[in-house]
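# Descriptive analysis of the structure
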Amino acid sequence: MSHSTPGSPEASRIDHGTTDASSPVGRYIVIGAGAIGGSIGARLAEAGHQVVLVARGAQYHALESGGLRFRTPDGERVHHLPVVDGPDALGTLRPDDVLVLTVKTQDSEAALDTWGPVPVAGGGTAAARLPVLCVQNGVESQRIALRRFSRVYGVCVWLPSNFVEPGVVSAPGAPLTGVLHLGRHPHGVDDTLARIAADLESARFGAPVVADVARWQYAKLLGNLANAVNALCGTATGEEGRWLDGQVRAEGEAVLRAAGIPNASGREQQEAVGDKVRWTGASEGSSWQSLTRGTGSIEADYLNGEIALLGRLHGVATPVNELVQRMATTFARERQPAGSLPVAELARAAAQAVAAASDSSAESA
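Below: a short report on this structure. (Residues numbered from 1 in each chain as written. Predicted model: local features only at pLDDT ≥ 70, side-chain atom pairs only at ≥ 80, totals over all residues. Heavy atoms only, no water.)

## Focus: the overall build of the protein
Looking only at helices and strands, one finds 14 helices and 15 strands in the protein. The C-alpha radius of gyration of the protein comes to 21 Å, within 12% of the 21 Å expected for a compact globule of 365 residues. Its C-alpha atoms put the protein at 65 × 45 × 40 Å along the principal axes. Counted over contacts in the protein with a minimum sequence separation of 6, partners at least 24 positions apart contribute 73%. Element-wise, carbon and sulfur atoms account for 51% of the exposed surface of the protein, whose accessible area totals about 15,400 Å². Each charge class in the protein can be summarised by its mean position, and for the 31 positive and 38 negative side chains these summaries are 2 Å apart. (Helix = DSSP H or I, 4+ residues; strand = E, 2+ residues; numbered from the N terminus. Rg over C-alpha atoms; globule rule 2.2 N^0.38 Å. Contact = heavy atoms within 4.5 Å. Areas by Shrake-Rupley, 256 points an atom, 1.4 Å probe, with all protein chains shown as cover. Lys, Arg positive; Asp, Glu negative; His and termini not counted. Charge placed at Lys NZ, Arg CZ, Asp CG, Glu CD.)

Spelled out as structure tokens, the structure:
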């Protein structure tokens with residue numbers, strides 16, 4: 001293993017071929033080695049934990065041939081981690097493996113169906129025996145997982161990170177790389193979480209273990225509702241951008257109140273994250289990154305779409321969330337460039353949607 005000085009022009013090359021025998025988790029199998037998965041995998045590996053990255057397409061080929069270029073405020077390293085494109089390359093899994101699901105929610109079902117039936121040494125399958133951590137935005141993925149896996153854990157993700165170029169992931173947060181609230185789904189805590197949290201904390205993450213992780217995830221969901229606006233229009237500053245961000249959040253808050261769904265307060269979130277994760281420079285939203293990479297899909301159905309779903313169930317109008325959900329999915333499907341929609345155009349369409357919803361409500365009253 002050779003090193004260069006952090007921050008020097010030449011990145012250090014790190015070969016992680018050993019396992020920290022003191023770790024109570026044998027391997028972290030990170031399913032989705034993008035912005036979140038790559039950051040978590042790299043930091044765990046730097047702390048001495050054994051990591052396997054699961055990737056596909058251009059990202060798989062880049063990681064296999066050149067390693068993971070991991071950029072942080074203290075420099076760039078190249079991590080040569082085991083990388084696979086599916087479970088066949090690993091064969092029988094170990095009973096102390098942990099599956100870390102970091103694909104976007106729209107890809108969760110396919111990933112879980114792929115990994116669930118994999119046999120585990122000593123008998124049984126991954127779905128029956130192994131823990132799966134849903135480290136994703138939104139609240140739907142752990143519900144998808146619970147249909148298939150016995151041991152499902154939700155994670156509320158506060159982790160600024162970027163992935164727009166194959167083989168390269170940046171995580172600009174410091175002094176901690178991120179804060180990951182962990183809890184069993186649908187509720188509770190256990191010894192497995194305590195062990196995983198200890199490993200994450202050794203890897204420069206905050207990892208509070210909470211019995212009500214969904215309350216934190218719904219609070220994060222409210223903040224993620226502006227992701228689609230960012231994806232469509234770029235960083236939408238100015239009055240129109242602030243109005244759009246405020247509208248999607250106000251609809252989200254109204255829906256959660258109507259549904260009786262608790263969520264952590266802004267003060268709680270500030271105390272949990274605060275100055276623990278500071279960053280400078282650009283860290284574009286995950287939806288913007290999806291459009292930039294031209295993936296053909298976007299997570300708006302599980303962010304703004306979650307609010308639209310709850311609104312329909314509880315009789316609350318959500319016209320702006322429905323609009324940006326529809327437009328973001330169209331942009332992704334048609335592979336239109338991120339940030340190419342003028343914010344004024346989106347604001348006009350949103351104002352018309354609000355007016356139409358108001359007229360419809362008045363007619364039905």
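## Here's the deal with the pattern of salt bridges
Tallied over the full model, the rule gives 18 salt bridges. Residue Asp-190 pairs with Arg-184 through a salt bridge whose shortest N-O separation is 2.8 Å. The partly exposed category is assigned to Arg-184, whose relative accessible area is 25%. (Salt bridge = Lys/Arg side-chain N within 4 Å of Asp/Glu carboxyl O. Buried < 20%, exposed > 50% of the residue type's maximum accessible area, 1.4 Å probe, protein only.)

## A look at the pairing of strand 7 (residues 97–101)
Where burial is concerned, most of strand 7 is hidden: five out of the five residues are buried. Pairing of strand 2 (residues 27–31) with strand 7 involves five bridges; the strand directions are parallel. Looking across to strand 7, one finds that Ile-31 is bridged to Leu-101. (Pairing = 2+ DSSP bridges.)

## Describing the packing of aromatic side chains
Under the criterion given, the structure shown has zero aromatic pairs. Taking NZ or CZ as reference, Lys-220 lies 5.5 Å from the ring centre of Trp-158, over its face. (Phe/Tyr/Trp six-rings, centres within 6.5 Å; stacked < 30°, edge-to-face > 60°. Lys NZ or Arg CZ within 6 Å of the ring centre and 35° of its normal.)

## Quick notes on the sheet that holds strand 14 (residues 205–206)
Within a sheet, adjacent strands bond to each other through the backbone by hydrogen bonds, running parallel or antiparallel. Read from one edge to the other, the open sheet built from eight strands follows the order 6-3-2-7-8-9-13-14, with strand pairing classed as mixed. Taken across any chain shown, the strands that pair with only one partner, and hence form the sheet edges, are strand 6 (83–84) and strand 14. Strand direction decides the pairing type here: strand 8 (residues 131–135) and strand 9 (residues 151–158), joined by five bridges, are parallel. Along strand 9, the bridge assignment pairs Pro-131 with Arg-151. In the packing of helix 3 (residues 108–115) onto the sheet, contacts are made with strand 2, strand 3 (51–54), strand 7 and strand 8, and the angle to strand 7 comes to roughly 160 degrees. (Axes fitted to C-alpha atoms, helices over the stretch in contact; angles between N-to-C directions.)

## Details of the packing of helix 9 (residues 238–259) against helix 13 (residues 319–334)
In contact at an axis separation of 8 Å, helix 9 and helix 13 are set at 120 degrees when each is read in the N-to-C sense. If you check the angle between helix 9 and helix 13, you find them oblique. The hand of the helix 9/helix 13 crossing is left-handed. From helix 9, Gln-247, Val-248, Glu-251 and Gly-252 reach across to helix 13, where they touch Pro-319, Val-320, Asn-321 and Val-324. Residue composition of the contact of helix 9 with helix 13, grouped by class: four nonpolar, three polar and one charged. (Parallel < 35°, antiparallel > 145°, perpendicular 65-115°, else oblique. Left-handed = near helix turned anticlockwise from the far one by under 90°. Nonpolar A, V, L, I, M, F, W, Y, C, P; charged D, E, K, R; others polar.)

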